[in-house]
Amino acid sequence: DGAKIIVGRNEKENEALEAYAAAGDTLLSIRDIPGPTVLLPGAADERTVGLAASICVRYSDVPEGTAGEVCVYRDTTLRTVHVTACAKDLVREYMI
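What you see is a predicted model; the values in this text were computed from it and never measured. (Residues numbered from 1 in each chain as written. Predicted model: local features only at pLDDT ≥ 70, side-chain atom pairs only at ≥ 80, totals over all residues. Heavy atoms only, no water.)

### Description of the overall build of the chain
(1) Moving on: Scanning the chain from N- to C-terminus turns up three helices and five strands.
(2) Moving on: Starting at the N terminus, the α and β elements of the chain follow one another as β-α-β-β-α-β-β-α.
(3) Moving on: Radius of gyration (C-alpha) of the chain: 12 Å, near the 12 Å computed for a compact globule of 96 residues.
(4) Moving on: The principal-axis extent of the C-alpha atoms belonging to the chain is close to 35 × 30 × 25 Å.
(5) Moving on: Within the span of the chain, comprising 96 residues, buried residues form 36% of the whole.
(6) Moving on: The long-range share in the chain, meaning contacts at least 24 apart out of those at least 6 apart in sequence, stands at 56%.
(7) Moving on: Carbon and sulfur atoms make up 52% of the accessible area of the chain, which totals about 6000 Å². (Helix = DSSP H or I, 4+ residues; strand = E, 2+ residues; numbered from the N terminus. Rg over C-alpha atoms; globule rule 2.2 N^0.38 Å. Buried < 20%, exposed > 50% of the residue type's maximum accessible area, 1.4 Å probe, protein only. Contact = heavy atoms within 4.5 Å. Areas by Shrake-Rupley, 256 points an atom, 1.4 Å probe, with all protein chains shown as cover.)

Pasting the structure below:
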């Protein structure tokens, strides 16, 4: 659908993504476990948020096969979703 999913690879990039986020963007991060910050610029549908959350878990320290609690921030709204990591092959399909 043309949506962009931007994943921070380290603490510095995570902080940059948080600073870059604008009104209407969606930020995702794992609750209480080290992992990436994920930015969805602009409007994001639920399918895209779910995919971004599963990518967030994939690159986090959540144990393999365990659902991670992902915080989803959009403007002033916070919600959490519980998802397992997506397959490594799926991530490769989306990399640019």
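### Considering the layout of surface pockets
(1) Moving on: Empty space within the largest pocket amounts to approximately 470 Å³.
(2) Moving on: What lines the largest pocket is a set of 13 residues, among which Ile-5, Val-7, Tyr-94, Met-95 and Ile-96 lie closest to the centre.
(3) Moving on: Within the residue set of the lining of the largest pocket, elements represented by two or more residues are strand 1 (6-7) and helix 3 (88-94).
(4) Moving on: Classifying every residue of the lining of the largest pocket gives 10 nonpolar, one polar and two charged. (1 Å grid on protein atoms, 1.4 Å probe; cavity = no way out; pocket = protein on both sides within 12 Å on 5 of 7 lines; lining within 4 Å. Points joined across faces, edges and corners; volume = space filled by probe spheres on them. Nonpolar A, V, L, I, M, F, W, Y, C, P; charged D, E, K, R; others polar.)

### A closer look at the pattern of salt bridges
(1) Moving on: Per the counting criterion, the structure on display carries four salt bridges.
(2) Moving on: Ionic pairing is found between Glu-69 and Arg-31, a salt bridge with its closest N-O pair at 3.6 Å. Of this pair, Glu-69 sits in strand 4 (residues 68-74) while Arg-31 sits in the loop between strand 2 (26-30) and strand 3 (37-40); the two residues are 38 residues apart in sequence, bridging distant segments of the chain.
(3) Moving on: When its relative accessible area of 27% is taken as the criterion, Glu-69 is described as partly exposed.
(4) Moving on: According to the relative accessible area criterion, Arg-31 is partly exposed, its value standing at 33%. (Salt bridge = Lys/Arg side-chain N within 4 Å of Asp/Glu carboxyl O.)

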